[in-house]
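A closer look at the structure
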Amino acid sequence: MPYRRPNHRPTTRTASAPGRRGRRAGLCAVLLTGFVTTAFAAGAVGPAAAADNGTGTGTTPATAQSVARVTTAVLDLDHPATKPQVRGKDVPYDTASIVKVDILSALLLQAQDAGRGLTQQERTLAEAMIEHSDNDAANALWREIGLAPGLKAVNKRLGLTSTVGGTGGLWGLTRTTASDQIGLLRAVFAADGTTSANKPALTTASRTYIRTLMTSIATDQSWGVSAASDSAWALKNGWLQRSTTGLWDVNSVGQVTSGTRHYLVAVLSDGNTSMASGIKTVESAARTAVTSARAAG
């Protein structure tokens with residue numbers, strides 16, 4: 001059966017008030033795998049909004065011009081044998097913090113392989129990373145899973161073919177496609193855990209744990225694909241300002257309930273002039289994509 005845990009938190013369509021942990025992670029300098037990168041742009045949830053050039057200013061150049069693009073993918077979870085509906089070019093985007101779901105999946109799968117559950121410390125870090133998008137927690141777990149090589153090994157088992165981990169400690173610069181994100185969501189939300197590679201990977205307990213955290217997102221971060229839901233939802237968002245352009249990556253992935261149907265939704269965007277405009281774009285795209293999926297039956 002699809003996951004139906006309700007979440008009654010209101011959808012917030014502004015990011016002007018980051019959560020306590022998210023704000024701390026956004027404003028503090030962060031140690032990334034043995035070297036120090038400069039402070040994040042306020043509210044950004046990815047390692048170093050300026051990680052592409054190392055300046056870390058996070059400021060928006062006055063000459064920045066939007067070249068915004070967006071891609072959506074939707075899969076009817078009640079008919080998972082169907083192919084996802086993709087709107088826009090299914091090309092790689094920066095993940096920003098949506099990669100944290102992938103990091104947690106890797107951590108759980110590695111723990112399964114070792115025949116153990118997560119330690120209390122790992123659970124504390126995982127909950128902070130998903131519910132509050134805490135970057136310090138993500139840094140620690142990124143190192144624990146083995147950085148990009150560890151992510152790659154797990155993603156091969158999950159059936160992800162177009163996701164490439166960020167170099168060194170820069171997990172937020174992992175690149176992915178909307179279709180790959182649907183593949184990851186399928187591994188988490190499909191009733192039998194079947195991945196796009198047509199085999200289960202995560203155990204029922206592991207899948208339930210990820211789902212539970214994705215329905216417990218801090219209220220100020222509960223925007224995104226939830227805009228396409230009329231009842232229950234589970235999600236993870238990511239946002240990142242690029243210092244080379246001053247433009248924003250804004251992404252949202254998760255499961256939504258619309259009417260009596262359940263959908264996996266991935267919305268990736270970049271080139272947004274502000275985080276607020278990116279959120280508006282993502283939510284509009286999510287609604288359109290789910291409406292189209294419902295109409296297709």
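Above this text you will find the structure in question.
Quick summary incoming for the structure in this document. (Residues numbered from 1 in each chain as written. Predicted model: local features only at pLDDT ≥ 70, side-chain atom pairs only at ≥ 80, totals over all residues. Heavy atoms only, no water.)

1. Digging into the overall build of the protein
Definition in use: The way it works is that DSSP assigns letters per residue, a run of H or I at least four long becomes a helix, a run of E at least two long becomes a strand, and they are numbered from the N terminus. Pairs of residues are marked as contacts when any of their non-hydrogen atoms sit within 4.5 Å. Residue exposure ignores everything except the shown protein chains as possible cover, and the areas themselves are Shrake-Rupley values with a 1.4 Å probe.
In terms of helices and strands, the protein carries eight helices and nine strands. For the protein, restricting intrachain contacts to residue pairs at least 6 apart in sequence, the fraction spanning at least 24 positions comes to 68%. Total accessible area on the protein is roughly 11500 Å²; 55% of this is exposed by carbon and sulfur atoms.

2. Quick look at the packing of aromatic side chains
Our working definition: Any two rings among Phe, Tyr and Trp, with Trp reduced to its six-membered ring, count as a pair given centres within 6.5 Å; such a pair is stacked if its planes are under 30 degrees apart, edge-to-face if over 60, and tilted if neither. In this scheme, the term charge over a ring applies when either NZ of a lysine or CZ of an arginine sits within 6 Å of the ring centre and within 35 degrees of the ring normal.
Scanning all chains against the criterion turns up one aromatic pair. A cation sits over an aromatic face here: Arg69 above Tyr93, 4.3 Å from the ring centre.

3. Notes on the side chain of Thr177
Selection criterion: Here's how the labels work: a residue is buried when its accessible area is under 20% of the maximum for its type, exposed when over 50%, partly exposed in between, all with a 1.4 Å probe on protein chains only.
Along the chain, Thr177 turns up in the loop between β6 (175-176) and α6 (178-189). Look at Thr177 and you get buried, because its relative accessible area is 5%. Beyond its immediate chain neighbours, meaning those up to four positions away, Thr177 contacts Asp90, Val91, Pro92, Ser162 and Leu268.

4. Notes on the side chain of Lys236
Quick note on the threshold: Positive charge is attributed to Lys and Arg, negative charge to Asp and Glu, and no charge count is given to His or to the chain ends. The salt bridge criterion pairs a side-chain nitrogen of Lys or Arg with a carboxyl oxygen of Asp or Glu, the two atoms within 4 Å. Think of a polar contact as two N or O atoms within 3.5 Å of one another; within protein, one of them needs to be a possible hydrogen donor and the other a possible acceptor, and neighboring residues in sequence only count if both atoms come from side chains.
With respect to the helices and strands, Lys236 occurs in strand β7 (residues 233-241). Here Lys236 is buried and forms no salt bridge, its nearest opposite-charge partner Asp220 lying at an N-O distance of 10 Å. Within the structure, the side chain of Lys236 is placed 2.9 Å from the side chain of Ser133, a separation counted as a polar contact. The residues contacting Lys236, other than those within four sequence positions of it, are Ser97, Ile98, Lys100, Val101, Met129, Ile130, Ser133, Met214, Ile217, Asn251, Ser252 and Val253.

5. Examining helix α7 (residues 204-214)
Among the residues of α7, Ser206, Arg207, Tyr209, Ile210, Arg211, Leu213 and Met214 are the ones counted as buried. Taken together, the buried residues of α7 touch α2 (99-113), α3 (120-131), α6, β7 and β8 (248-258).

6. Considerations on the pairing of β8
Rules: Two strands pair if DSSP finds at least two bridges between them.
Among the eleven residues in β8, eleven count as buried, and that is most of the element. Residue alternation in β8 divides its side chains into two sets, Trp248, Val250, Ser252, Gly254, Val256 and Ser258 and Asp249, Asn251, Val253, Gln255 and Thr257, and both sets are buried. Note: β7 against β8, nine bridges, orientation antiparallel. Paired with Gly238 across the two strands is Asn251, which belongs to β8.

7. Some points on the environment of Thr72
On the secondary structure map, Thr72 appears in strand β3 (residues 69-76). For Thr72, a relative accessible area of 3% gives the class buried. Linking Thr72 and Gly88, residues 16 residues apart in sequence, is a C-alpha distance of 6.7 Å. Excluding residues within four positions of it along the chain, Thr72 makes contact with Gln85, Val86, Arg87, Ala178, Ala266, Val267, Ala285 and Ala289.

8. A closer look at the sheet that holds β7
The criterion, for reference: Interaxial angle, 0 to 180 degrees, is taken between N-to-C directions of lines fitted to C-alpha atoms, where a helix line uses only the stretch in contact.
Strands sit in the order β4-β3-β9-β8-β7 across an open sheet of five strands; the sheet is antiparallel. Every other strand in the sheet has two partners, leaving β4 (85-87) and β7 as the edge strands with one partner each. The mean angle between the axes of side-by-side strands here comes to 10°, regardless of whether they run parallel or antiparallel. Running over the sheet, helix α8 (residues 275-295) touches β3, β4, β7, β8 and β9 (261-272) and is turned about 145° from β9.

9. Side note on unusual backbone geometry
Non-glycine residue Ser133 carries a positive phi angle of around 55°. Of note, Ser133 is situated in the loop between α3 and α4 (135-145). Under the relative-accessibility criterion, Ser133 is labelled buried at 0%. Although it is not a glycine, Leu147 adopts a positive phi angle of roughly 60°. In this fold, Leu147 is placed in helix α5 (residues 147-158).

10. Focus on the packing of α4 against α5
We count it as follows: Note that the term roughly parallel is reserved for angles under 35 degrees, roughly antiparallel for angles over 145, roughly perpendicular for angles of 65 to 115, and oblique for everything else. For any helix crossing, the convention is left-handed if the near helix is rotated counterclockwise from the far helix by under a right angle, and right-handed if that rotation is clockwise.
One can describe the packing of α4 onto α5 by two numbers: an axis separation of 6 Å at closest approach and a directional angle of 70°. The angle between α4 and α5 places the two elements in the roughly perpendicular class. Relative to α5, the crossing made by α4 is left-handed. In this structure, α4 uses Trp142, Arg143 and Ile145 to contact α5, whose residues at the interface are Leu147, Ala148, Gly150 and Leu151.

11. Thoughts on the pattern of salt bridges
Counted by the stated rule, this structure contains nine salt bridges. Its salt-bridge partner being Arg287, residue Glu283 comes within 4.0 Å of it at the nearest N-O pair. Highlighted residues: Glu283 and Arg287, both in helix α8, separated by four residues, approximately one helical turn. Judged by relative accessible area, which is 3%, Glu283 ranks as buried. Taken together, the shared-partner salt bridges connect Asp76, Asp78 and Arg261 into one network.

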